[in-house]
Amino acid sequence: MMNKSEKIFVAGHRGLVGSALIRRLEREGFHNLPKRDRSQLDLADERAVQSFFGQERPAVVIFAAAKVGGIKANNDFPVEFLLDNLRIQNNIIHSAHGAGVRKLLFLGSSCIYPKFAPQPIPESALLSGPLESTNEAYAIAKIAGIKLCQAYAREYGANFISAMPTNLYGPNDNFDLETSHVLAALLRKAHEAKTSGAREIVVWGSGKPRREFLHVDDLASACLFLLEKYDSPEIINVGCGEDISIRELAELICDVVGFTGELAWDGTKPDGTPRKLLDITKLRNLGWQPTIPLRDGIAQTYDWFFKNVAH
Ligand code: GDP
């Protein structure tokens, strides 16, 4: 068992994933959680990151800091997605090693896998084919992060592990329609249409792509599980094991929100990868499973959105 007073640095503690990790760690009684927001520590600044690690000397690092975004943001800003993510992860992983961090959990993404990977996608699909072009820059950065962790493990025996979460959602998600992921965007669109009495909401693409959605509280639980039980540099998938089409997701969200109008399809927007369902056999066999059904998770996230963003 991890010691509750061990110093754990959650990089990116204000984001969707980082804030869920902090909630979970605090609930479990961990109380030595140094926090720095962007104005106090720029993770892209090598010297600042190095001196932070030198001073704080965390025992454990959870890497939840990244420049992230939905399909449009990724497609429009490949330079920022590649460069910012490389900088942040190089700084943190390198400094963590220098400061003697005993365990680091790097979080990647299911978009690291080839566009036409077998479904559900096993960990072995990594680097077995070309990537989906809309998020290639982000994927390349994340693959470099995985490889850097594996390099520290091989060369220095570091216990740096990497988990690949599927598409995530939950409180503190980004609800900006230009840069968000699909679930947050559709929650907002359905809510605003209901409130304004609009007849329809616009959904991007064809509605045919399939995605898997995991509530971020389930991811946080998986991360703690992996910190306790997983010590291999080989990547491990984190998902819920089920996917749905974007059309089904839109219908489910409208139902939860109580919007009874129509769906209109914007075919000028990209579909992205046709399907992205992770094979979670490896994690299941270790004894972890998700607990939040999609409908409940969406209802809880809508409640959070209603109280924190809409008002
Ligand atoms: P992806 O999983 O990397 O493709 O990222 P997204 O969550 O941004 O998009 C998932 C799918 O939802 C894509 O096929 C999008 O075209 C589709 N989609 C439908 N409506 C929206 C929307 O309003 N915003 C976003 N971001 N995606 C949408």
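Per chain, residues are indexed from 1 in the order of the written sequence. Since the coordinates come from a predicted model, pLDDT governs what is reported: local features require at least 70, and pairs of side-chain atoms require 80 or more to be given and counted, while whole-chain, interface and lining totals use all residues. The basis for every side-chain value is the complete set of non-hydrogen atoms in the structure, without hydrogens or water.

**Focus: helix 8 (residues 246-257)**
Since there are 3.6 residues in each turn of an α-helix, residues three or four apart along the chain are aligned in direction. To qualify as a helix, a DSSP run of H or I must reach at least 4 residues; to qualify as a strand, a run of E must reach at least 2; elements of each kind are numbered from the N terminus. One less than the number of residues in a helix, times 1.5 Å, gives the span that helix is expected to have. The end-to-end C-alpha distance of helix 8 is 16 Å, a good match for the 16 Å that twelve residues give at a rise of 1.5 Å each. Exposed residues in this analysis have more than 50% of their type's maximum accessible area, buried residues have under 20%, and partly exposed residues fall in between, with area computed by a 1.4 Å probe over protein chains only. What helix 8 keeps buried is the set Ile246, Leu249, Ala250, Leu252, Ile253, Cys254, Val256 and Val257. Positive backbone phi, approximately 90°, marks Gly258, located one or two places after helix 8.

**Things to note about the pairing of strand 6 (residues 200-204)**
In strand 6, alternate side chains face the same way, and those of Ile201 and Val203 are buried while those of Glu200, Val202 and Trp204 on the opposite face are not. A pair of strands is treated as paired once DSSP finds two or more bridges between them. Here strand 6 runs beside strand 11 (residues 262-266); their pairing, made up of five bridges, is parallel. Within the sheet, the bridge partner assigned to Trp204 lies in strand 11 and is Asp266.

**Regarding the side chain of Glu123**
For Glu123, the location among the structural elements is in the loop between strand 3 (103-107) and helix 5 (136-156). There is no salt bridge for the buried Glu123, and the closest opposite charge comes from Lys282, which lies 5.0 Å off by N-O distance. Residue contacts are counted whenever heavy atoms from the two residues lie within 4.5 Å of one another. Setting aside anything within four residues of it in sequence, one finds Glu123 in contact with Tyr113, Ile235, Ile236, Asn237, Asp279 and Lys282. Charge counting treats Lys and Arg as positive and Asp and Glu as negative, with His and both chain ends excluded. We define a salt bridge as a side-chain nitrogen of Lys or Arg found within 4 Å of a carboxyl oxygen belonging to Asp or Glu.

**As for helix 6 (residues 182-196)**
Under the 1.5 Å per step criterion, the end-to-end length of helix 6 is 21 Å for 15 residues, consistent within 8% with the ideal 21 Å. Looking at helix 6, one finds that the buried residues are Leu183, Ala184, Ala185, Leu186, Leu187, Lys189, Ala190, His191 and Ala193. Looking at the residues trailing helix 6, positive phi occurs at Gly197, about 75°.

**Observations concerning the environment of Phe81**
Here Phe81 is to be found in helix 4 (residues 78-98). A C-alpha to C-alpha distance of 6.1 Å links Phe81 and Lys67, two positions 14 residues apart in sequence.

**Considering the nonpolar core**
Throughout, nonpolar core names a set of buried Ala, Val, Leu, Ile, Met, Phe, Trp, Tyr and Cys residues whose side chains join them through atoms within 4.5 Å. Ranked by internal contacts, the top residues of the largest apolar core, which has 41 residues, are Phe53, Ile92, Leu104 and Tyr113. Broken down by element, this core gets its largest block of residues, seven residues, from helix 5. With residues up to four places along the chain from it excluded, the contact list for Phe53 reads Phe9, Pro58, Val61, Ile92, Ser95, Ala96, Ala99 and Val101. One finds Val17, Leu21, Ile161 and Leu224 within the second-largest nonpolar core, a separate group that totals 35 residues.

**Description of the site of the ligand**
In the vicinity of the ligand, 17 residues are found, and the nearest of them are Ile71, Lys189, Arg211, Pro270 and Asp271. Contacts described as polar in this section are N or O atom pairs within 3.5 Å, which, within protein, must combine one atom able to donate a hydrogen with one able to accept it, while residues neighboring in sequence count only if both atoms come from side chains. The contact in question runs from an oxygen atom of the ligand to an N or O atom on the backbone of Pro270, over 2.7 Å. Between Lys276 and the ligand, the recorded distance is 3.1 Å, taken from a side-chain N or O atom to an oxygen atom. When the ligand is considered free in solution it has 540 Å² of accessible area, and contact with the protein chains removes 98% of it. Summary of the distance rule: residues count as near a molecule or strand when at least one heavy atom falls within 4 Å of that molecule or strand. The method behind every accessible area is Shrake-Rupley, applied with a 1.4 Å probe, and residues are considered shielded solely by the protein chains displayed.

**Looking at the sheet that holds strand 7 (residues 210-211)**
In spatial order, the strands read 10-7-12; together these three strands make up an open sheet with mixed pairing. Lying at the two open borders of the sheet, with one neighbouring strand each, are strand 10 (244-245) and strand 12 (275-276). Here strand 7 pairs with strand 12 via two bridges, running parallel. Bridge assignment links Arg211 to a residue of strand 12, and that residue is Lys276.

**Points about the sheet that holds strand 1 (residues 8-11)**
Read from one edge of the open sheet, five strands run 1-2-3-4-9, paired in parallel fashion. Strands with a single pairing partner mark the edges of an open sheet, and in this sheet they are strand 1 and strand 9 (236-238). The average undirected angle you get between the axes of adjacent strands in this sheet is 20°. Pairing between strand 4 (residues 160-165) and strand 9: three bridges, direction parallel. Following the sheet pairing, Ala163 is matched in strand 9 by Ile236. Axes here refer to lines fitted to C-alpha atoms; in helices the fit is confined to the stretch in contact. Angles between the N-to-C directions go from 0 to 180 degrees.

By themselves, these figures tell us nothing about what the structure is for.
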